[in-house]
Amino acid sequence: MSKGIKFRIKQYIKMFIQNKYLPAVYRKAVKKTKVDKNTVIFADMHSDTIPYSMQAVYDRVKADGKNVLLYCRDMNRMSYGELVRYMKSFMKDYAAAGYVYICSYFLPVSSCEKRKETKVIQLWHSGGLLKKMGYDTVDDIPKYYKGNVTGNYDLVTVSSEVCIPVWEKALHLPKGITKATGLARTDIYFDDDWNADKRQLFYELYPGAKGKRVVLYAPSFTGNAANPRCDGLKMVRKVFEGLDDRYFLIIRLHPNLKKKYPKYWNQKTTELPTEALLPVTSVLITDYSSILFDYCLYRKPFILFCPDIDEYKKTRGFYVDPSEFPAPLAKTQSELETALRERTYFDYSEQDYEQFYEKYMGSCTGNSIEKILSAV
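Residues numbered from 1 in each chain as written. Predicted model: local features only at pLDDT ≥ 70, side-chain atom pairs only at ≥ 80, totals over all residues. Heavy atoms only, no water.

Some words on the overall build of the chain
Here is step 1: Scanning the chain from N- to C-terminus turns up 12 helices and 11 strands.
Here is step 2: For a compact globule of 376 residues, the expected C-alpha radius of gyration is about 21 Å, and the chain comes in at 21 Å, within 12% of that figure.
Here is step 3: Along the first, second and third principal axes, the C-alpha set of the chain runs to 70 × 50 × 40 Å.
Here is step 4: In the chain, which comprises 376 residues, the share counted as buried stands at 52%.
Here is step 5: Relative to all contacts within the chain whose residues are 6 or more apart in sequence, the contacts with residues 24 or more apart total 70%.
Here is step 6: Taking the 58 positively charged and 44 negatively charged side chains of the chain as two groups, their mean positions are separated by 10 Å. (Helix = DSSP H or I, 4+ residues; strand = E, 2+ residues; numbered from the N terminus. Rg over C-alpha atoms; globule rule 2.2 N^0.38 Å. Buried < 20%, exposed > 50% of the residue type's maximum accessible area, 1.4 Å probe, protein only. Contact = heavy atoms within 4.5 Å. Lys, Arg positive; Asp, Glu negative; His and termini not counted. Charge placed at Lys NZ, Arg CZ, Asp CG, Glu CD.)

Written out as C-alpha coordinates, the structure reads:
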(Lines give C-alpha, C1' and ligand atoms only; values in the text may rest on other atoms or scores of the structure.)
Protein backbone atom coordinates (compact mmCIF):
# COMPACT_ATOMS: atom_id res chain seq x y z
CA MET A 1 0.00 0.00 0.00
CA SER A 2 1.43 3.38 -0.99
CA LYS A 3 2.13 6.10 1.58
CA GLY A 4 -0.44 8.35 -0.10
CA ILE A 5 -3.22 5.77 0.31
CA LYS A 6 -2.22 5.14 3.92
CA PHE A 7 -2.33 8.89 4.56
CA ARG A 8 -5.85 9.15 3.09
CA ILE A 9 -7.10 6.17 5.12
CA LYS A 10 -5.76 7.81 8.27
CA GLN A 11 -7.65 10.99 7.41
CA TYR A 12 -10.96 9.11 7.13
CA ILE A 13 -10.33 7.36 10.43
CA LYS A 14 -9.55 10.74 12.01
CA MET A 15 -12.82 12.16 10.64
CA PHE A 16 -14.88 9.36 12.19
CA ILE A 17 -13.15 9.62 15.55
CA GLN A 18 -13.36 13.42 15.62
CA ASN A 19 -16.93 13.82 14.41
CA LYS A 20 -18.64 10.83 16.06
CA TYR A 21 -16.73 9.08 18.81
CA LEU A 22 -15.02 11.91 20.72
CA PRO A 23 -18.08 14.19 20.97
CA ALA A 24 -20.00 11.31 22.55
CA VAL A 25 -17.22 10.76 25.11
CA TYR A 26 -17.17 14.49 25.91
CA ARG A 27 -20.94 14.81 26.34
CA LYS A 28 -20.98 11.87 28.71
CA ALA A 29 -18.12 13.34 30.77
CA VAL A 30 -19.82 16.77 30.98
CA LYS A 31 -22.79 15.21 32.76
CA LYS A 32 -20.51 13.94 35.53
CA THR A 33 -18.15 16.89 36.05
CA LYS A 34 -17.84 20.60 36.72
CA VAL A 35 -15.16 22.91 35.29
CA ASP A 36 -12.19 23.38 37.62
CA LYS A 37 -10.34 26.62 36.80
CA ASN A 38 -7.31 25.29 38.65
CA THR A 39 -6.87 22.42 36.15
CA VAL A 40 -4.71 23.20 33.11
CA ILE A 41 -4.04 20.79 30.24
CA PHE A 42 -1.07 20.93 27.87
CA ALA A 43 -1.70 18.71 24.84
CA ASP A 44 0.12 17.77 21.64
CA MET A 45 -0.03 14.83 19.23
CA HIS A 46 3.38 15.26 17.59
CA SER A 47 5.80 14.64 20.46
CA ASP A 48 6.19 12.37 23.49
CA THR A 49 7.57 15.31 25.46
CA ILE A 50 6.21 18.81 25.87
CA PRO A 51 7.04 20.82 22.74
CA TYR A 52 9.43 23.75 22.95
CA SER A 53 6.64 26.12 21.91
CA MET A 54 4.71 25.30 25.11
CA GLN A 55 7.56 24.69 27.55
CA ALA A 56 7.87 28.23 28.92
CA VAL A 57 4.15 28.61 29.62
CA TYR A 58 4.07 25.11 31.13
CA ASP A 59 6.90 26.02 33.52
CA ARG A 60 5.14 29.24 34.52
CA VAL A 61 1.74 27.61 35.10
CA LYS A 62 3.37 24.77 37.03
CA ALA A 63 5.23 27.29 39.22
CA ASP A 64 1.93 29.05 39.91
CA GLY A 65 0.68 25.87 41.59
CA LYS A 66 -1.96 24.85 39.07
CA ASN A 67 -3.09 21.27 38.62
CA VAL A 68 -1.28 20.55 35.35
CA LEU A 69 -2.18 17.57 33.16
CA LEU A 70 0.18 16.62 30.34
CA TYR A 71 -1.20 14.97 27.19
CA CYS A 72 1.84 14.91 24.89
CA ARG A 73 2.22 11.86 22.68
CA ASP A 74 3.54 11.21 19.18
CA MET A 75 0.54 9.73 17.37
CA ASN A 76 2.84 8.17 14.74
CA ARG A 77 4.35 5.97 17.45
CA MET A 78 1.03 4.76 18.84
CA SER A 79 -1.17 1.91 17.69
CA TYR A 80 -4.77 2.79 16.82
CA GLY A 81 -5.86 1.29 20.11
CA GLU A 82 -3.39 3.44 22.08
CA LEU A 83 -4.40 6.53 20.12
CA VAL A 84 -8.10 6.05 20.81
CA ARG A 85 -7.48 5.44 24.53
CA TYR A 86 -5.29 8.55 24.68
CA MET A 87 -7.95 10.73 23.04
CA LYS A 88 -10.74 9.24 25.17
CA SER A 89 -8.80 10.05 28.34
CA PHE A 90 -8.14 13.57 27.08
CA MET A 91 -11.83 14.20 26.36
CA LYS A 92 -12.79 13.22 29.89
CA ASP A 93 -10.29 15.65 31.40
CA TYR A 94 -11.11 18.29 28.77
CA ALA A 95 -14.71 18.29 29.99
CA ALA A 96 -13.59 19.52 33.43
CA ALA A 97 -10.47 21.59 32.62
CA GLY A 98 -10.31 25.35 33.07
CA TYR A 99 -7.64 25.88 30.40
CA VAL A 100 -6.16 23.87 27.54
CA TYR A 101 -2.91 24.87 25.81
CA ILE A 102 -1.92 23.48 22.40
CA CYS A 103 0.66 24.58 19.82
CA SER A 104 -0.38 22.83 16.61
CA TYR A 105 -3.43 21.15 15.13
CA PHE A 106 -5.03 19.04 17.87
CA LEU A 107 -8.24 17.46 16.62
CA PRO A 108 -9.76 16.33 19.95
CA VAL A 109 -10.00 19.91 21.23
CA SER A 110 -12.11 20.89 18.21
CA SER A 111 -14.26 17.77 18.03
CA CYS A 112 -17.16 18.90 20.21
CA GLU A 113 -19.13 21.91 21.37
CA LYS A 114 -17.06 22.72 24.45
CA ARG A 115 -18.12 24.35 27.66
CA LYS A 116 -17.78 28.14 27.57
CA GLU A 117 -15.99 28.11 30.93
CA THR A 118 -13.10 26.11 29.42
CA LYS A 119 -10.60 28.29 27.57
CA VAL A 120 -8.47 26.92 24.72
CA ILE A 121 -5.22 28.74 23.96
CA GLN A 122 -3.38 28.02 20.70
CA LEU A 123 0.35 28.81 21.12
CA TRP A 124 1.07 28.36 17.43
CA HIS A 125 4.49 26.76 16.82
CA SER A 126 5.80 29.13 14.15
CA GLY A 127 6.31 32.86 13.88
CA GLY A 128 6.54 35.20 10.93
CA LEU A 129 4.85 34.79 7.60
CA LEU A 130 5.99 32.71 4.63
CA LYS A 131 4.50 29.42 3.40
CA LYS A 132 0.76 28.83 3.21
CA MET A 133 -0.89 26.80 5.94
CA GLY A 134 -4.18 25.52 7.30
CA TYR A 135 -7.15 25.67 4.96
CA ASP A 136 -5.04 27.57 2.41
CA THR A 137 -3.15 24.40 1.42
CA VAL A 138 -4.09 20.74 0.96
CA ASP A 139 -0.71 19.78 2.44
CA ASP A 140 -2.14 20.73 5.84
CA ILE A 141 -5.87 20.08 5.54
CA PRO A 142 -7.15 18.03 2.56
CA LYS A 143 -10.24 19.39 0.81
CA TYR A 144 -12.15 16.18 1.49
CA TYR A 145 -11.63 16.51 5.25
CA LYS A 146 -14.93 16.94 7.11
CA GLY A 147 -14.90 18.63 10.49
CA ASN A 148 -13.58 21.84 12.00
CA VAL A 149 -9.85 21.39 12.56
CA THR A 150 -9.43 24.69 14.43
CA GLY A 151 -12.68 25.11 16.32
CA ASN A 152 -13.13 26.06 20.00
CA TYR A 153 -10.10 28.36 20.16
CA ASP A 154 -10.40 31.31 22.56
CA LEU A 155 -6.94 32.80 21.96
CA VAL A 156 -4.40 32.34 19.16
CA THR A 157 -1.00 33.94 19.70
CA VAL A 158 1.04 35.31 16.79
CA SER A 159 4.37 37.09 16.44
CA SER A 160 3.27 40.41 14.92
CA GLU A 161 0.25 42.39 13.75
CA VAL A 162 0.87 41.49 10.10
CA CYS A 163 0.10 37.85 10.91
CA ILE A 164 -3.39 38.39 12.29
CA PRO A 165 -5.48 38.60 9.06
CA VAL A 166 -3.55 35.69 7.54
CA TRP A 167 -4.14 33.44 10.55
CA GLU A 168 -7.83 34.36 10.62
CA LYS A 169 -8.25 33.37 6.98
CA ALA A 170 -5.98 30.30 6.95
CA LEU A 171 -7.35 28.75 10.13
CA HIS A 172 -10.97 29.92 9.71
CA LEU A 173 -10.85 31.83 12.99
CA PRO A 174 -13.46 34.31 14.20
CA LYS A 175 -12.38 37.94 14.47
CA GLY A 176 -10.82 39.08 17.70
CA ILE A 177 -9.27 35.91 19.13
CA THR A 178 -5.96 36.13 17.22
CA LYS A 179 -3.66 38.50 19.10
CA ALA A 180 -0.11 39.75 18.51
CA THR A 181 1.13 38.88 21.98
CA GLY A 182 4.40 37.52 20.64
CA LEU A 183 5.37 33.85 20.98
CA ALA A 184 5.99 32.46 24.45
CA ARG A 185 8.97 30.43 23.35
CA THR A 186 10.87 33.50 22.16
CA ASP A 187 11.20 35.10 25.62
CA ILE A 188 14.27 32.99 26.35
CA TYR A 189 16.20 34.55 23.44
CA PHE A 190 16.23 37.84 25.37
CA ASP A 191 17.89 36.22 28.42
CA ASP A 192 21.62 37.05 28.44
CA ASP A 193 22.44 34.23 30.88
CA TRP A 194 20.65 31.66 28.72
CA ASN A 195 22.50 32.84 25.61
CA ALA A 196 25.86 32.69 27.41
CA ASP A 197 25.13 29.19 28.73
CA LYS A 198 24.26 27.90 25.25
CA ARG A 199 27.42 29.38 23.75
CA GLN A 200 29.54 27.72 26.41
CA LEU A 201 27.81 24.36 25.97
CA PHE A 202 28.20 24.56 22.19
CA TYR A 203 31.98 24.93 22.32
CA GLU A 204 32.20 22.15 24.89
CA LEU A 205 30.34 19.84 22.50
CA TYR A 206 32.04 21.18 19.35
CA PRO A 207 35.58 22.31 20.32
CA GLY A 208 36.60 22.23 16.63
CA ALA A 209 34.29 25.20 15.97
CA LYS A 210 36.40 27.65 17.98
CA GLY A 211 37.63 30.53 15.84
CA LYS A 212 35.42 29.54 12.90
CA ARG A 213 32.25 30.92 11.36
CA VAL A 214 29.43 28.64 12.54
CA VAL A 215 26.88 27.93 9.82
CA LEU A 216 23.60 26.27 10.78
CA TYR A 217 21.69 24.44 8.05
CA ALA A 218 18.14 24.05 9.37
CA PRO A 219 15.65 23.43 6.53
CA SER A 220 11.99 22.53 6.62
CA PHE A 221 10.76 19.58 4.55
CA THR A 222 9.08 19.20 1.17
CA GLY A 223 5.94 17.11 0.68
CA ASN A 224 3.48 16.16 3.41
CA ALA A 225 4.15 14.52 6.77
CA ALA A 226 3.47 11.07 5.28
CA ASN A 227 6.26 11.37 2.71
CA PRO A 228 8.69 14.18 3.63
CA ARG A 229 12.00 14.90 1.93
CA CYS A 230 14.85 17.40 2.03
CA ASP A 231 15.93 18.36 -1.50
CA GLY A 232 18.87 20.54 -0.48
CA LEU A 233 20.71 18.28 1.97
CA LYS A 234 23.13 16.58 -0.45
CA MET A 235 23.97 19.84 -2.18
CA VAL A 236 24.74 21.60 1.09
CA ARG A 237 27.09 18.81 2.12
CA LYS A 238 28.91 18.96 -1.23
CA VAL A 239 29.31 22.73 -1.02
CA PHE A 240 30.93 22.56 2.39
CA GLU A 241 33.24 19.75 1.31
CA GLY A 242 34.79 22.24 -1.12
CA LEU A 243 35.03 25.22 1.23
CA ASP A 244 38.02 26.10 3.38
CA ASP A 245 38.06 25.47 7.11
CA ARG A 246 36.90 28.97 8.06
CA TYR A 247 33.39 27.54 8.21
CA PHE A 248 31.97 25.03 10.69
CA LEU A 249 28.73 23.39 9.50
CA ILE A 250 25.98 22.12 11.79
CA ILE A 251 23.02 20.29 10.19
CA ARG A 252 19.68 20.15 12.00
CA LEU A 253 16.76 18.73 10.04
CA HIS A 254 13.03 19.01 10.66
CA PRO A 255 11.70 16.37 13.11
CA ASN A 256 9.51 14.88 10.36
CA LEU A 257 12.72 13.84 8.56
CA LYS A 258 14.06 11.77 11.45
CA LYS A 259 13.07 8.40 9.99
CA LYS A 260 14.51 9.23 6.58
CA TYR A 261 17.81 10.67 7.86
CA PRO A 262 18.38 9.05 11.28
CA LYS A 263 22.13 9.78 11.40
CA TYR A 264 21.44 13.47 12.05
CA TRP A 265 19.91 12.70 15.45
CA ASN A 266 22.37 11.94 18.23
CA GLN A 267 23.21 12.83 21.83
CA LYS A 268 24.39 16.30 20.82
CA THR A 269 21.01 16.97 19.23
CA THR A 270 19.37 16.20 22.56
CA GLU A 271 21.80 18.26 24.62
CA LEU A 272 21.69 21.24 22.27
CA PRO A 273 18.42 21.43 20.28
CA THR A 274 18.12 23.67 17.22
CA GLU A 275 16.82 26.72 19.07
CA ALA A 276 19.80 26.57 21.44
CA LEU A 277 22.19 26.87 18.48
CA LEU A 278 20.94 30.31 17.48
CA PRO A 279 23.09 32.30 19.96
CA VAL A 280 26.29 30.89 18.42
CA THR A 281 25.20 30.77 14.77
CA SER A 282 27.00 33.22 12.48
CA VAL A 283 25.04 32.41 9.33
CA LEU A 284 21.77 30.50 9.03
CA ILE A 285 20.95 28.53 5.89
CA THR A 286 17.30 27.56 5.61
CA ASP A 287 14.43 27.39 3.15
CA TYR A 288 10.86 27.77 4.43
CA SER A 289 11.44 26.85 8.06
CA SER A 290 10.05 29.13 10.77
CA ILE A 291 13.44 28.89 12.53
CA LEU A 292 14.29 31.83 10.28
CA PHE A 293 11.95 34.09 12.23
CA ASP A 294 13.26 33.02 15.64
CA TYR A 295 16.77 33.64 14.32
CA CYS A 296 15.89 37.14 13.09
CA LEU A 297 15.58 38.24 16.72
CA TYR A 298 19.40 38.19 16.73
CA ARG A 299 19.59 40.43 13.64
CA LYS A 300 22.25 38.24 12.02
CA PRO A 301 22.77 37.24 8.35
CA PHE A 302 21.09 34.30 6.66
CA ILE A 303 20.86 32.57 3.29
CA LEU A 304 17.72 31.14 1.71
CA PHE A 305 18.57 27.91 -0.11
CA CYS A 306 15.47 26.81 -2.00
CA PRO A 307 16.26 24.38 -4.86
CA ASP A 308 12.57 23.47 -5.13
CA ILE A 309 11.12 26.97 -4.86
CA ASP A 310 9.48 27.00 -8.30
CA GLU A 311 7.66 23.74 -7.57
CA TYR A 312 6.85 24.92 -4.05
CA LYS A 313 5.19 28.09 -5.36
CA LYS A 314 2.90 26.02 -7.58
CA THR A 315 2.02 23.31 -5.05
CA ARG A 316 1.94 24.97 -1.63
CA GLY A 317 2.52 28.65 -2.25
CA PHE A 318 3.60 31.63 -0.17
CA TYR A 319 1.99 34.55 1.62
CA VAL A 320 5.02 36.74 0.95
CA ASP A 321 7.83 36.67 -1.61
CA PRO A 322 10.99 35.22 0.03
CA SER A 323 13.16 37.01 -2.55
CA GLU A 324 12.25 40.25 -0.75
CA PHE A 325 13.86 39.11 2.50
CA PRO A 326 17.26 40.62 3.43
CA ALA A 327 19.23 37.58 2.29
CA PRO A 328 20.66 35.93 -0.84
CA LEU A 329 18.24 33.42 -2.36
CA ALA A 330 20.05 30.46 -3.93
CA LYS A 331 18.28 27.88 -6.08
CA THR A 332 21.29 25.78 -7.12
CA GLN A 333 24.36 24.29 -5.52
CA SER A 334 26.52 26.71 -7.49
CA GLU A 335 24.55 29.75 -6.28
CA LEU A 336 24.83 28.61 -2.67
CA GLU A 337 28.59 28.14 -3.04
CA THR A 338 28.91 31.63 -4.53
CA ALA A 339 26.96 33.17 -1.66
CA LEU A 340 29.32 31.54 0.84
CA ARG A 341 32.58 32.14 -1.03
CA GLU A 342 31.78 35.78 -1.86
CA ARG A 343 29.97 36.32 1.47
CA THR A 344 27.04 38.07 -0.18
CA TYR A 345 25.05 37.42 3.00
CA PHE A 346 26.90 40.49 4.36
CA ASP A 347 25.31 42.75 1.71
CA TYR A 348 22.53 43.83 4.07
CA SER A 349 22.48 46.52 6.73
CA GLU A 350 21.48 46.54 10.39
CA GLN A 351 18.45 48.56 9.35
CA ASP A 352 17.43 45.80 6.90
CA TYR A 353 17.46 43.22 9.69
CA GLU A 354 15.68 45.57 12.09
CA GLN A 355 12.86 46.22 9.62
CA PHE A 356 12.53 42.49 8.92
CA TYR A 357 12.26 41.78 12.65
CA GLU A 358 9.75 44.57 13.26
CA LYS A 359 7.47 43.43 10.44
CA TYR A 360 7.37 39.71 11.19
CA MET A 361 8.38 39.31 14.85
CA GLY A 362 7.86 42.78 16.29
CA SER A 363 5.60 41.62 19.15
CA CYS A 364 8.31 39.28 20.46
CA THR A 365 10.07 41.54 22.94
CA GLY A 366 10.97 39.23 25.80
CA ASN A 367 7.69 39.46 27.74
CA SER A 368 5.30 37.40 25.61
CA ILE A 369 4.39 35.03 28.45
CA GLU A 370 3.12 37.93 30.54
CA LYS A 371 1.09 39.25 27.62
CA ILE A 372 -0.40 35.81 26.91
CA LEU A 373 -1.40 35.14 30.52
CA SER A 374 -2.87 38.63 30.69
CA ALA A 375 -4.93 37.97 27.55
CA VAL A 376 -6.07 34.61 28.95
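Section: the side chain of T137
Here is step 1: Relative to the helices and strands, T137 is located in the loop between β4 (119–122) and β5 (155–157).
Here is step 2: T137 sits in the buried class, given a relative accessible area of 4%.
Here is step 3: Setting aside residues no more than four positions away along its own chain, T137 makes contact with K132 and R316.

A closer look at a negative patch on the surface
Here is step 1: Taken together, the side chains of D191, D192, D193 and D197 make up a negatively charged region of the molecular surface.
Here is step 2: With a relative accessible area of 58%, D193 lands in the exposed category. (Patch = residues over 30% accessible without salt bridge, like charges linked within 9 Å, V, L, I, M, F, W, Y side chains within 5 Å. Areas by Shrake-Rupley, 256 points an atom, 1.4 Å probe, with all protein chains shown as cover. Salt bridge = Lys/Arg side-chain N within 4 Å of Asp/Glu carboxyl O.)

Some remarks on the nonpolar core
Here is step 1: By size, the foremost hydrophobic cluster in this structure holds 89 residues, and its most contacted members are F90, W167, F202, F302 and F325.
Here is step 2: Residues contacting F325, with those up to four places away along its chain left out, are L129, L130, L292, F293, F302, L304, V320, F356 and Y360. (Core = buried A, V, L, I, M, F, W, Y, C linked by side-chain atoms within 4.5 Å.)

Some thoughts on the packing of helix α2 (residues 52–63) against helix α12 (residues 368–375)
Here is step 1: At a minimum axis separation of 11 Å, α2 and α12 run at an interaxial angle of 65 degrees. Put simply, α2 runs roughly perpendicular to α12. By crossing handedness, the relation of α2 to α12 is classed as right-handed. Along its contact with α2, which presents A56, V57 and R60, the element α12 presents I369, E370 and L373.
Here is step 2: Residues of the contact of α2 with α12, tallied by class, amount to 4 nonpolar, no polar and 2 charged. (Axes fitted to C-alpha atoms, helices over the stretch in contact; angles between N-to-C directions. Parallel < 35°, antiparallel > 145°, perpendicular 65-115°, else oblique. Left-handed = near helix turned anticlockwise from the far one by under 90°. Nonpolar A, V, L, I, M, F, W, Y, C, P; charged D, E, K, R; others polar.)

As for a positive patch on the surface
Here is step 1: On the surface, a cluster of positive charge is made up of K28, K32, K88 and K92.
Here is step 2: Along the chain, K28 turns up in helix α1 (residues 3–30).

Quick look at the sheet that holds strand β8 (residues 247–251)
Here is step 1: Taken together, the 5 strands give an open sheet; going across it, the order is β8-β7-β9-β10-β11, and neighbouring strands pair in parallel fashion. Unpaired on one side and paired on the other, β8 and β11 (329–330) mark the two borders of the sheet.
Here is step 2: For strand β10 (residues 302–305) and β11, the ladder comprises 2 bridges, and the chain directions are parallel. Across the sheet, F305 pairs through a bridge with A330, a residue of β11.
Here is step 3: Here helix α6 (residues 233–241) sits on the sheet in contact with β7 (213–217), β8, β9 (283–286) and β10, set at roughly 160 degrees to β8.
Here is step 4: Where helix α10 (residues 333–341) meets the sheet, it contacts β8, β9, β10 and β11, and its direction lies at approximately 175 degrees from that of β10. (Pairing = 2+ DSSP bridges.)

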